[in-house]
Amino acid sequence: MVSFHPGEHENPVPQINAAAPRSWVPKSTAQRLSLNADWKFRWSPSPLTHDEGFAADKSSEADFDTLPVPSHWVLHGDGKYGRQAYVNIRYPLPIDPPRVPDENPTGDYRYTFELPSDWKIEDGKTLLRFDGVDSWAKVWLNGKYLGTSTGSRLPVEFDATAALRAGANTVAVRVVQWSAATYLEDQDQWWMPGIFRDVTLLHRPKASVDDYFVHANYDHKSGKGTLKVESSPAGRVVVPALGIDVATGEEVTTPVSPWTAETPTLYDAELRTDGETIPLRIGFRTVTYSDGLIKVNGRRVLFRGVNRHEFHPDHGRAVTPEIMLQDVLLMKQHNVNAVRTSHYPPHPHFLSLCDEYGLWVVDECDYETHGFEWNQWVDNPSGSPMYTDALLNRAERMVERDKNHPSIVIWSLGNEAGKGDNLRLMSEWIRKRDPSRAIHYEGDRASSYTDMYSRMYATHAEVDEIGRYAEPPLEDAALDARRRNLPFVLCEYVHSMGNGPGGIKEYQDLFEKYPRCQGGFIWEWIDHCFKKTAANGREYWAYGGDFGEEIHDGNFIADGMLFPDRKPSPGLIEFKKVISPIKVVVSKDEVTITNTLDFGDTAHLEWTAERKVFGESVEATAVALDVPVLKAGESVTLKLATPASAHETATTVTASARDDVAWAQAIQPGADRVVAWGQFVAPAQAKPKAAGTVAPEVAGDKIHLGPAVFDKRGALLSIGSVSVVSPRLDIWRATTDNDRGPDEVTKRILANEWKEANFDKLKHRVDAVEATSSSLVVRTRAAAWVYNRALETVYTYTSDGEALSLSVSVKPTGEWGDLFLPRLGVRLGLPKSTDKVQYVGYGPGEAYPDSREAARLDAFEASVDDLQTPYVFPQENGHRTDVRWARVGALEIENAAKPFGLTVRRWTSEALEAATHSSDLEVDDHVWVNIDHAHHGIGTASCGEGPLPQYRLKPEPTEFGVTFRV
Ligand code: IPT
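For the protein chain, an unreviewed UniProt entry supplies the name beta-galactosidase and the organism Vanrija albida. Check the Sequence similarities (unreviewed entry) section of the UniProt entry for the protein chain; it says "Belongs to the glycosyl hydrolase 2 family." Of the comments in the UniProt record for the protein chain, the one headed Catalytic activity (unreviewed entry) reads "Hydrolysis of terminal non-reducing beta-D-galactose residues in beta-D-galactosides."

Caption draft 1: Broad picture of the UniProt feature "domain: Beta galactosidase small chain/" (unreviewed entry) in the protein chain. Residues annotated by UniProt as "domain: Beta galactosidase small chain/" (unreviewed entry) correspond here to residues 704-965. Annotated as residues 704-965, this span is 5% helix and 45% strand, and its ends, taken at the C-alpha atoms, are 15 Å apart.

Caption draft 2: A look at the state of the cysteines. In this structure the tally under the stated criterion is 0 disulfides. Counting only cysteine sulfurs, Cys365 is the nearest neighbor of Cys354, a cysteine outside any disulfide, at a range of 18 Å. Accessibility expressed as a relative area gives 0% for Cys354, which makes it buried. Here Cys517 stays free of any disulfide, with the sulfur of Cys491 as its closest cysteine sulfur at 14 Å. We classify Cys517 as buried; its relative accessible area is 0%.

Caption draft 3: Main features of the site of the ligand. Every one of the 14 residues lining the ligand counts as a neighbour, but Asp188, His343, Asn415, Glu492 and His495 are closest to it. At 2.5 Å from an oxygen atom of the ligand is found a side-chain nitrogen or oxygen belonging to Asp188. The side chain of His343 places a nitrogen or oxygen atom 2.6 Å from an oxygen atom of the ligand. With the chains in place, 86% of the 390 Å² that the ligand exposes on its own is no longer accessible. Residues of the shell around the ligand, tallied by class, amount to 5 nonpolar, 5 polar and 4 charged.

Caption draft 4: Representation of the pairing of strand S12 (residues 167-176). Summarising burial for S12: 8 of the 10 residues are buried, a large majority. Taken together, the 10 bridges between strand S6 (residues 106-115) and S12 define a ladder with antiparallel strand orientation. Paired with Leu115 across the bridge in S12 is Gly167. Taken together, the 6 bridges between strand S9 (residues 136-141) and S12 define a ladder with antiparallel strand orientation. Counted as the bridge partner of Val139 is Val173 from S12.

Caption draft 5: Structural context of the sheet that holds strand S31 (residues 453-456). Strand order across the open sheet formed by 8 strands is S30-S29-S28-S27-S26-S33-S32-S31, with parallel pairing between neighbours. Strands with a single pairing partner mark the edges of an open sheet, and in this sheet they are strand S30 (438-440) and S31. Pairs of neighbouring strands in the sheet enclose a mean axial angle of 25 degrees, with direction left out of account. Its contacts with the sheet put helix H3 (residues 388-402) on strand S28 (360-364) and strand S29 (408-412), and the angle it makes with S29 is roughly 170 degrees. Its contacts with the sheet put helix H7 (residues 504-513) on strand S26 (303-307), strand S32 (488-495) and strand S33 (517-523), and the angle it makes with S32 is roughly 170 degrees.

Conventions and cut-offs
Residues numbered from 1 in each chain as written. Predicted model: local features only at pLDDT ≥ 70, side-chain atom pairs only at ≥ 80, totals over all residues. Heavy atoms only, no water. UniProt positions renumbered as here; feature names shortened; annotations may be inferred. Helix = DSSP H or I, 4+ residues; strand = E, 2+ residues; numbered from the N terminus. Disulfide = S-S within 2.5 Å. Buried < 20%, exposed > 50% of the residue type's maximum accessible area, 1.4 Å probe, protein only. Near = heavy atom within 4 Å. Polar contact = N/O pair within 3.5 Å; in protein donor to acceptor, adjacent residues only side chain to side chain. Areas by Shrake-Rupley, 256 points an atom, 1.4 Å probe, with all protein chains shown as cover. Nonpolar A, V, L, I, M, F, W, Y, C, P; charged D, E, K, R; others polar. Pairing = 2+ DSSP bridges. Axes fitted to C-alpha atoms, helices over the stretch in contact; angles between N-to-C directions. Contact = heavy atoms within 4.5 Å.

Quick look at the structure:
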């Protein structure tokens, strides 16, 4: 008779035999041994495949491979150990808590290490620590069972003393991917099991520190800090720079420089007990709520934040200290001042870097149960007594591990976990243990157990309403009154998927207008994609579905402001400009500079004023600008010397971080340190436009006009020596991720509307080709299948003998309803050899109507390839806005009445639309140039709101044009 019963990993008990959670201690005098190394590893499709005999049996290693620890096993072995899988909300297993499938990838690990000869096993105890194991681990030392643990992104320590011996020791671990705890870890990310954070053996000598809690408050009225360090056992605390040498538990008050994200002053200190000395870095700061605001050191703070998942394309979530530093420096470099550790506590070293360089941190618990939404939230762990202990255990382990980081100002209970009493219990436990920080959970819409009203992806209009305290009331009047007096944060907003997001500026305007709106956290920091090689040999970024997943959510995992290789996307450049805390407003002969930092002055900045005159050539003069140091909130207006010019002239005032700023020192020499800039453009004196002075001539089957040759049907064939594919009306753009999303406000999905309207298959009929004495007029009708709607398009060519001017008039006819156009312009083809592009216009990067804050007027040069933005999922990109003049290969293009939008690429919009990975894009026989009159906005409808009304492109009678020259 065989009996079946749940496996140990299906027990909702979070841990067995785990030591009490305590503060992370990056350094101490106590001995420690890193066990990060190559371990012996055996993968099985199920915990049922092999019994646990391996734990005590060295000979089992004969069947084992080698795997680095820390790592995710799915990222090694080329498929031998399964693959990573991406699903957003849904669970990739049947919902049946706490049970999980028998098909349950299992990793058995063994590692033998030499205990250093001076390790005093008898003195005190020795702990075996795992900083992160996904998702369930059972641990043995020398064949002796130590315990089990769950909580993938939380540490566990086991008392290893009794099992430890001098000389060789063997750790054995069984890790299973699916466990009762999997139901608590449904974050929108790759499923990647394994021992993915550090493993360490820690000696805890007698009278060493079991745990400690640094309380370092700052009283902004007196300018004094109050320090009290609780320690068990008791000892002394020494802070040399402050002359402090006190017993633990004793409070001492003295003048200090406070810690803020803008001024991250840390005091080196030591905690000394009889058995150990621990170096501390103490930051003095106080989080309070008053006037309905979250205040730090007495002032309202504004979060210019990002949501950060841990990710690296080679290592997954097993991120190295170098990657963590790179993230922090990139954040500082891009004016980011806050980070939500979505949706789990990060590697603790990241938090130390936030302390050091200055970032406000929302530390989020490792908790999400979003997939229960698919089942009407039935059995959601948030309300299930079965999971109460596990959830309290998670809250406790986060707070105990991270409590000594000054950067953490908010504890978050988790993400998208519905409702339930367990969340309230977590909040109550945290509040009791650490009343010094605010508590966040977006799912508590009534904010009944949190300290702020938090939302994700609320529309501009809703944020405006909330800013005015005018949001719709809650049913419960008491709760409503409480919430209406709470500050507001957007824990997620503007979804950085593909091209965009658009509309960041309008959110920032609201945060700067309404004190209640204390900012937000952009979704999200980085695209989580892995490199793969296509059949054609090209590398591409892989996303959900590229690893054979049975269910997956495609490229929804590519929604970051950094590309997977950590190169900033245009979205981050836009964000950086919009959130710059230093406002620089340049006018004709003045600049007004305002310091909107919450604490810091501008002593860390150096200034230049640059004047560029865009005449026949570009003349630039730059001078250092003497700007007085501005305290937080201060403003100054300075005169600028701006000699008049007949040409268009740009005056740009720029502030960069000085050499001695910590983050500026740490980044690559020569890397961008610009913090803020503003620009004023003085128009050129109007110059008369050359009128058509030559007449078209018919010669054989060709028509000649100045430098241009046409065929009889009015198709332009060449301009001078440059052969072209005739310009013709183009309204299609390869749909963006945001075009494909449902607009939160209008509920419309534009990509579907546009495809249904066949805008990508416009047919062009030539109705007349008319040669007048001064022009060639080509009358056409551009229309799509099925419908009567059309764009009557007239191309009028004129020439002064040297240049060729094109004027396009577009008149919509038929039934358009409330359709928008993706874009409106002409597209022409140039020879494949075309490569160099120079332009005077707004750049250097791409820009669209609602994502153009970071673009400035200048002269730029790039190759065709450089002009492409390599979005993971191919889509419209690379549009340069408000171009005055361009030379594409040998062809010069000059604006007529209005500047134009320019896109140059080696494939058509249709090919771009058809591609699903960058490796699909084949170089065409032509370089395709789009000269645009207008684009529809970008918005952020991949998750949120589409373009605001002022950025929507309606079909209306329009005229535009350019002049070509070779
Ligand atoms: C929101 C999630 O919190 C986040 O993890 C991510 O999935 C984001 O969406 C989309 O990329 S939840 C959503 C229902 C708004």
